[in-house]
Amino acid sequence: MEMRLQKFLAKAGIASRRKAEEYILDGKIKVNGQLITELGTKINLDKDLVYYNDKIVELIPEKVYILLNKPEKYVTTVKDQFNRPTVMDLLPPSLKGVHPVGRLDYNTSGLLLLTNDGDFTYKITHPKHSIKKIYIAKVRGIPKETSLEKLRKGLVIDNYKTAPAKAKILRKLKNDAVIEITIYEGRNRQVRKMCEAIGHPVISLKRIAIGNIFLANLPLGKYRNLTKEEVDYFMKL
Ligand code: URA
């Protein structure tokens, strides 16, 4: 992408555009080591290096917060060692600086947040904040109330007792059931292991909410930016 030098300097927080023009005219700005005194010179953001007082000027990246409806068969990493599709493949190149906040399994679909803001990631993923996550699971068999009660009370998986959860049946099918599970932690494959532990393995799994933010009607494979209110909501947790 190309940008006028004075705009670049202003965006990088060096000075206002007007002041940046003065710096250029005063010979304080170099591009790729060469003094530039002509206003309106365009630079290429991908390869040109701009110097102010002989120090490299860097654009402060704008913070972005993305909510993606992840399909199954995408890995939640920036790059996959087996070359499988990653969630980054669903975003345009301009968003390549973001990283996933937490993880959804390869075969899990639904709400995934991505950002370039480390503080935001910390807020959401640190166990001490115990943010709720709501999942819809299709499970084999129809769980009895006593089994759901085990999920609610907490049960042992991988030598670890899960925190109290919420669980309810949404739909009973012939041989399967659709249940809603709300957990306040996020261990590896936790919902799958919890369902397995009560004898009702997961057939498919989808996350529909994190905190108060819901997937709603965002189509599969599509993304949207979080609103300012949504970002503030997480930051205040
Ligand atoms: N629990 C799981 O088992 N899988 C996920 O992807 C998320 C939560």
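What counts, and where the lines are drawn
Residues numbered from 1 in each chain as written. Predicted model: local features only at pLDDT ≥ 70, side-chain atom pairs only at ≥ 80, totals over all residues. Heavy atoms only, no water. 1 Å grid on protein atoms, 1.4 Å probe; cavity = no way out; pocket = protein on both sides within 12 Å on 5 of 7 lines; lining within 4 Å. Points joined across faces, edges and corners; volume = space filled by probe spheres on them. Nonpolar A, V, L, I, M, F, W, Y, C, P; charged D, E, K, R; others polar. Domains from an automatic or database assignment. Helix = DSSP H or I, 4+ residues; strand = E, 2+ residues; numbered from the N terminus. Near = heavy atom within 4 Å. Polar contact = N/O pair within 3.5 Å; in protein donor to acceptor, adjacent residues only side chain to side chain. Areas by Shrake-Rupley, 256 points an atom, 1.4 Å probe, with all protein chains shown as cover. Sits in = over half its atoms within 2 Å of the grid points.

(A) Examining the layout of surface pockets more closely. The computed volume of the largest pocket comes to approximately 870 Å³. What lines the largest pocket is a set of 25 residues, and nearest its centre among them are Leu-45, Leu-59, Pro-61, Glu-62 and Ser-94. Looking at the lining of the largest pocket, its residues break down into 16 nonpolar, three polar and six charged. Both domain 1 (2-57) and domain 2 (65-128 + 212-235) contribute no fewer than three residues apiece to the lining of the largest pocket. If you add up the space inside the second largest pocket, you get close to 490 Å³. If you go around the second largest pocket, you meet 28 residues; those closest to its centre are Arg-103, Lys-133, Glu-185, Gly-186 and Arg-187. When contributions to the lining of the second largest pocket are tallied by element, the ones reaching two or more residues are strand S9 (108-115), helix H3 (118-125), strand S10 (133-140), helix H5 (190-197) and strand S15 (202-210). Considering only residue class, the lining of the second largest pocket consists of twelve nonpolar, eight polar and eight charged. Lining the lining of the second largest pocket are residues from two domains, each supplying at least three of them: domain 2 (65-128 + 212-235) and domain 3 (132-210).

(B) Spotlight on the domain arrangement of the protein. Each assigned domain of the protein is listed with its residue range as follows: domain 1 (2-57), domain 2 (65-128 + 212-235) and domain 3 (132-210). Using only C-alpha atoms to locate each centre, domain 1 and domain 2 end up separated by 34 Å.

(C) The arrangement of the site of the ligand in detail. In the region of the ligand, the neighbouring residues are Leu-104, Asp-105, Thr-108, Tyr-135, Arg-189, Gln-190, Val-191, Arg-192 and Leu-205. Here Asp-105 contributes a side-chain N or O atom positioned 2.7 Å from a nitrogen atom of the ligand. For the ligand, an oxygen atom lies 3.0 Å from a polar atom in the side chain of Thr-108. Surface burial for the ligand is 95%, taken as the share of its 240 Å² of free accessible area covered by protein chains. Among the detected pockets, the ligand sits in the second largest pocket. Looking at the shell around the ligand element by element, the count peaks at three residues for H5. Formed jointly, the shell around the ligand draws a minimum of three residues from each of two domains, domain 2 (65-128 + 212-235) and domain 3 (132-210).

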